[in-house]
Amino acid sequence: VLGVFGVLGVFGVVGVQRFLVKGRVQRWPSRAEDKDALLRWIITESIAESERLAESELNDRIRRYTEDPALVRRYGVDFGMLRRDPTTQIYYLSQ
């Protein structure tokens, strides 16, 4: 068992782990459900519930998983996973 977002199945790795090599995105999934799961996984791995991060710090953390932190950040805000304070530019997880 690899966790909520990836498990070792009969036919190999399933979940978001299918799209990762050494913990980084190797390829983006084409199916919307898979893409959503992968982006959500990156966000939850990058910021804890109690944290408040500047954009540059959040980018650095997201960059551990993908070369396009802006894509993940925008997704997080657009789909309500992340909130961004417009005054301070600080990001945090939605409750």
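Provided above is the structure to which this section pertains.
Okay, so let's go over this structure. (Residues numbered from 1 in each chain as written. Predicted model: local features only at pLDDT ≥ 70, side-chain atom pairs only at ≥ 80, totals over all residues. Heavy atoms only, no water.)

### Overview of the side chain of R73
Relative to the elements of secondary structure, R73 occurs in helix 3 (residues 69–78). Within the structure, the side chain of R73 is placed 2.6 Å from the side chain of N59, a separation counted as a polar contact. In this structure the side chain of R73 is engaged in a polar contact, spanning 3.2 Å, whose partner is the side chain of Y91. When neighbours within four sequence positions are excluded, R73 is seen to be in contact with E55, L58, N59, I62, L82 and Y91. (Helix = DSSP H or I, 4+ residues; strand = E, 2+ residues; numbered from the N terminus. Polar contact = N/O pair within 3.5 Å; in protein donor to acceptor, adjacent residues only side chain to side chain. Contact = heavy atoms within 4.5 Å.)

### Observations concerning the sheet that holds strand 5 (residues 53–54)
The sheet built from three strands is open, its strands ordered 5-7-6 with antiparallel pairing. Looking along the sheet, the strands with just one partner apiece sit at the ends: strand 5 and strand 6 (82–84). Of the pairings in the sheet, the one linking strand 6 to strand 7 (residues 90–93) comprises three bridges and is antiparallel in character. Among the inter-strand pairings, R84 is bridged to a residue of strand 7, identified as Y91. (Pairing = 2+ DSSP bridges.)

### Observations regarding the side chain of N59
Within the secondary structure layout, N59 lies in helix 2 (residues 55–62). The residues touching N59, leaving out its near neighbours within four places in the chain, are P69 and R73.

### Section: the packing of helix 1 (residues 32–46) against helix 3
The N-to-C vectors of helix 1 and helix 3 enclose an angle of 100 degrees; their axes lie 10 Å apart at closest approach. Here helix 1 lies roughly perpendicular to helix 3, going by the angle between them. Contacts between helix 1 and helix 3 involve D36, L39, R40, I42 and I43 on the former and, on the latter, L71, V72, Y75 and G76. A breakdown of the residues in the contact of helix 1 with helix 3 according to their chemical character gives six nonpolar, one polar and two charged. (Axes fitted to C-alpha atoms, helices over the stretch in contact; angles between N-to-C directions. Parallel < 35°, antiparallel > 145°, perpendicular 65-115°, else oblique. Nonpolar A, V, L, I, M, F, W, Y, C, P; charged D, E, K, R; others polar.)

### Focus: the nonpolar core
In terms of nonpolar packing, the biggest core is built from 20 residues, with L38, W41, I42, I43, I47, L58 and L82 touching the most fellow members. Taken together, the elements giving at least two residues each to this core come down to helix 1, helix 2, helix 3 and strand 7. With five residues, the top contributor of residues to this core is helix 1. Beyond its immediate stretch of four places on either side in the chain, L38 contacts V16, F19, L20, V25, R27, W28 and P29. (Core = buried A, V, L, I, M, F, W, Y, C linked by side-chain atoms within 4.5 Å. Buried < 20%, exposed > 50% of the residue type's maximum accessible area, 1.4 Å probe, protein only.)

### Section: the pairing of strand 7
For a regular strand, side chains alternate in direction, first toward one face of the sheet and then toward the other. Side chains of strand 7 alternate between two faces, with Y91 and L93 buried and I90 and Y92 left unburied. Where strand 5 lies against strand 7, two bridges are found, and the strand directions are antiparallel. For L53, the partnering residue across the bridge sits in strand 7 and is Y91. Two successive antiparallel strands, strand 6 and strand 7, enclose a turn made up of five residues, where Q89 displays a positive phi of approximately 65 degrees.

### Here we look at the packing of helix 2 against helix 3
Across the interface, helix 2 lies against helix 3 with an axial gap of 9 Å and an inter-helix angle of 110 degrees. As summarised for this structure, helix 2 and helix 3 are arranged roughly perpendicular, according to the angle between their axes. Considering the relative orientation of helix 2 and helix 3, their crossing is right-handed. Residues E55, L58, N59 and I62 of helix 2 lie in contact with helix 3, whose contacting residues are P69, V72 and R73. (Left-handed = near helix turned anticlockwise from the far one by under 90°.)

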